[in-house]
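Next come the chains, spelled out residue by residue.
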Amino acid sequence: MPGRRPLSRSAAGIIVAVLAALVLAADQFVKHLTIENLPLHEVVPVLGEFLQLYYIRNSGAAFSLGSEVTWIFTIALTVVAGIIIWKSFGLRSRLWAVVLGLLLGGVLGNLTDRLLREPGFAVGHVVDMISMPWMMPAIFNVADIFIVCGMIAVALLVVLGLRFDGTREKDDIAPDADAAADAEHGSDIEKSEASIKPEPEQAG
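Before going into details, it helps to say that this report is about the structure given with it. (Residues numbered from 1 in each chain as written. Predicted model: local features only at pLDDT ≥ 70, side-chain atom pairs only at ≥ 80, totals over all residues. Heavy atoms only, no water.)

## Some thoughts on the sheet that holds strand E1 (residues 43-47)
Reasoning step 1: Ordered by their spatial adjacency, four strands build an open sheet running E1-E2-E3-E4, and the pairing between neighbours is antiparallel. With partners counted over all chains shown, the strands left at the sheet margins are E1 and strand E4 (139-140), one partner each.
Reasoning step 2: The pairing of strand E2 (residues 51-58) with strand E3 (residues 126-131) spans five bridges and is classified as antiparallel. Considered in E3, the bridge of Ile56 is made with Asp128. (Pairing = 2+ DSSP bridges. Helix = DSSP H or I, 4+ residues; strand = E, 2+ residues; numbered from the N terminus.)

## What about the pairing of E3?
Reasoning step 1: Of all six residues that make up E3, six are buried, and the element is covered over most of its length.
Reasoning step 2: Sheet topology note: the E3/E4 ladder contains two bridges and is antiparallel. Residue pairing across strands places Ile130 opposite Phe140, the latter belonging to E4. (Buried < 20%, exposed > 50% of the residue type's maximum accessible area, 1.4 Å probe, protein only.)

## What to know about the packing of aromatic side chains
Reasoning step 1: Per the counting criterion, the structure on display carries two aromatic pairs.
Reasoning step 2: When the ring of Phe50 is compared with that of Trp134, the centres are 5.1 Å apart and the planes differ by 10 degrees; the resulting orientation is stacked. In this pair, Phe50 sits in the loop between E1 and E2 while Trp134 sits in the loop between E3 and E4, placing the two residues 84 residues apart along the sequence.
Reasoning step 3: Arranged with centres 4.6 Å apart and planes meeting at 85 degrees, the rings of Trp96 and Phe164 form a pair that is edge-to-face. Pair noted here: Trp96 is in helix H3 (residues 94-116) and Phe164 is in the loop between helix H4 (142-160) and helix H5 (169-196), with a separation of 68 residues, a long-range link.
Reasoning step 4: Since its relative accessible area comes to 28%, Phe164 is described here as partly exposed. (Phe/Tyr/Trp six-rings, centres within 6.5 Å; stacked < 30°, edge-to-face > 60°.)

## Digging into the nonpolar core
Reasoning step 1: Core analysis: the biggest nonpolar cluster contains 19 residues, and Ile84, Leu91, Trp96, Leu104 and Val107 have the highest contact counts within it.
Reasoning step 2: Listing elements by their share of this core, those giving two or more residues are helix H1 (9-37), helix H2 (70-88), H3 and H4.
Reasoning step 3: A per-element tally of this core places H3 first, with eight residues.
Reasoning step 4: Setting aside anything within four residues of it in sequence, one finds Leu104 in contact with Val16, Ala20, Ala81, Ile84 and Ile85. (Core = buried A, V, L, I, M, F, W, Y, C linked by side-chain atoms within 4.5 Å. Contact = heavy atoms within 4.5 Å.)

## A look at the packing of H3 against H4
Reasoning step 1: Where H3 meets H4, the closest approach of the two axes is 8 Å, and the angle between their N-to-C directions is 150 degrees. Between H3 and H4, the angle is such that the two are roughly antiparallel. Between H3 and H4 the crossing geometry is left-handed. Contacts between H3 and H4 involve Leu95, Trp96, Val99, Leu102, Leu103, Gly106, Val107, Gly109 and Asn110 from the former and Ala143, Asp144, Phe146, Ile147, Gly150, Met151, Ala153, Val154, Leu157 and Val158 from the latter.
Reasoning step 2: Residues that form the contact of H3 with H4 fall into these classes: 14 nonpolar, four polar and one charged. (Axes fitted to C-alpha atoms, helices over the stretch in contact; angles between N-to-C directions. Parallel < 35°, antiparallel > 145°, perpendicular 65-115°, else oblique. Left-handed = near helix turned anticlockwise from the far one by under 90°. Nonpolar A, V, L, I, M, F, W, Y, C, P; charged D, E, K, R; others polar.)

Now the structure itself:
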């Protein structure tokens, strides 16, 4: 069965933009609900120890690391967002468009906090609210989920050899193997013809 045709660059860009906007909107909406409805630094059980809500404002990265250099995370998020947007211009792969769109939305969700929330521009604290103490001590948010899942998906696509243009590395190997097989087959035919070719009669 022939594979689906690659996307046009404009279609891939639209997928990235729409998915990023949806993830960003969902992340900021959940953060708005958190600020308006949850008490700061108090556990709100949802499913016992499996899932809890715990509203905090994080100035650092995971586990509150680097809380004294918040601006570094702002720069890092900006660079990552820029790279994703730049790569999106050459996309022809549906899978890459979906993965990069979701990843970009997660990055923009936390970058928005860094830029616009207190205590100020570029040093804002990220709103976190999801706690799963049975799995990890870190508190995270919707954007973090998409960032982690997006990075895992990127690694998988790289391992599988899927390129941004929709082709796969194995697509390059197959023609070379076919060409080698054809050359070997042709050589065998030539040898076979040479073995059955009659010897010229000698003049009496």
